[in-house]
Amino acid sequence: MGRFTACPQEALKAAEYLCGPVELKEITDRRGSAVWKATGATATVSVKFGYGEGAETTAREAAVLDQLPRYTVTAGRAAGGVWCVTPWLNGPSTFQLFQSIRDGSDRCTHVLGRGQALVGAVELCRAVADLHIAGWIHGDLQPSHGIHTLSGARLIDFAWTWHEGEAPWPKFYGGITHLVAPELAAWITHGPQPVKPAASADVYALAGTLWTCTTGRWPLDYAAVGVRPDAGPVARRTAIATGTIPLDSATPWPTLQNVLRAVLLSGPDDRPTAAELGIALAEA
């Protein structure tokens, strides 16, 4: 493992302005983006530093956060990159809420776990629905991109988020490949560029996210169509674009997965909205 990137002094000062003297905890450092949890006497914040290729996406994420309701951000440039400071969101990720489902715990714990996971799934759908109502497309929904706080689910990682009516982001490639909707994969693969993400593609990624949280596996059975585990994102997107890859066979929670299956197998015009998906899950 390489050495963790150094936190810029300007970002540290911004964190200390909000929190007092802070203790930094390294969270992640990959693909040109380093994140720390900065804990002080009065508050806890997240510090992100984008460097190299990550500088542009961090700057873009900070610009999005500055426009979103219920989010605050302080940002600047230093050390050849871009940093931003945001309040730390306390709570488990959606993936963590589904831990007992994936583990197959004993029946009592499993029932309690299902209740907690279902509430979290509905909360996540509502958070995505609120974003869509405001005219935003997240663009990169993943199992770890929903944080469940005491006031409900909050979304994170807005580097690929786009507002309808604005110029599309020329470097958008659909977020994490495993959760890209087939029609979006086809557009990315075959053009024309630039690609405009849609709410329906977000709903596909939302259903895929919840499927992965439930099973611990990506929704599509790549082996069934000869896509090797070591295939890169371009090869996977090309296969996904055909719309012919079957869903993975793991079914630890059939009633919930039946709702998700209908979304993952439907075209963009036939998918529910995020709010409608939340209602369907609550009634499953």
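On a predicted model such as this, the values are computed, not experimentally measured, just so you know.

Draft legend 1. Highlighting the sheet that holds strand β3 (residues 44–50). Read across the open sheet, the five strands follow the order β1-β2-β3-β5-β4; overall the sheet is antiparallel. The open sheet has two edge strands, β1 (23–30) and β4 (74–78), and neither has a second partner. If you compare each strand with its neighbour and ignore which way they point, the axes differ by 20° on average. As judged from the seven bridges shared by strand β2 (residues 33–39) and β3, these two strands associate in the antiparallel manner. Opposite Thr 39, over in β3, you have Thr 44 as the bridge partner. Helix α1 (residues 9–19) contacts β1, β2, β3, β4 and β5 (81–87) of the sheet and is inclined by roughly 15° relative to β5. Along the sheet, helix α2 (residues 54–67) makes contact with β3, β4 and β5, crossing β5 at roughly 35°.

Draft legend 2. Seen up close, the layout of surface pockets. Size it by volume and the largest pocket reaches roughly 1,600 Å³. If you go around the largest pocket, you meet 47 residues; those closest to its centre are Ser 33, Lys 48, Glu 61, His 145 and Asp 157. Broken down by secondary-structure element, the contributors of at least two residues to the lining of the largest pocket are β1, β2, β3, α2, β5, β8 (152–155) and α8 (233–241). Here the element with the most residues in the lining of the largest pocket is α2; it accounts for six residues. Considered class by class, the residues forming the lining of the largest pocket number 20 nonpolar, 15 polar and twelve charged. Space inside the second largest pocket adds up to approximately 290 Å³. Lining the second largest pocket we find 17 residues, and of these Arg 70, Tyr 71, Ala 127, Asp 130 and Leu 131 sit closest to its centre. Within the residue set of the lining of the second largest pocket, elements represented by two or more residues are α5 (107–133) and β8. Among the elements that take part in the lining of the second largest pocket, α5 stands out by supplying five residues, more than any other.

Cut-offs used in this document
- Residues numbered from 1 in each chain as written.
- Predicted model: local features only at pLDDT ≥ 70, side-chain atom pairs only at ≥ 80, totals over all residues.
- Heavy atoms only, no water.
- Pairing = 2+ DSSP bridges.
- Helix = DSSP H or I, 4+ residues; strand = E, 2+ residues; numbered from the N terminus.
- Axes fitted to C-alpha atoms, helices over the stretch in contact; angles between N-to-C directions.
- Contact = heavy atoms within 4.5 Å.
- 1 Å grid on protein atoms, 1.4 Å probe; cavity = no way out; pocket = protein on both sides within 12 Å on 5 of 7 lines; lining within 4 Å.
- Points joined across faces, edges and corners; volume = space filled by probe spheres on them.
- Nonpolar A, V, L, I, M, F, W, Y, C, P; charged D, E, K, R; others polar.

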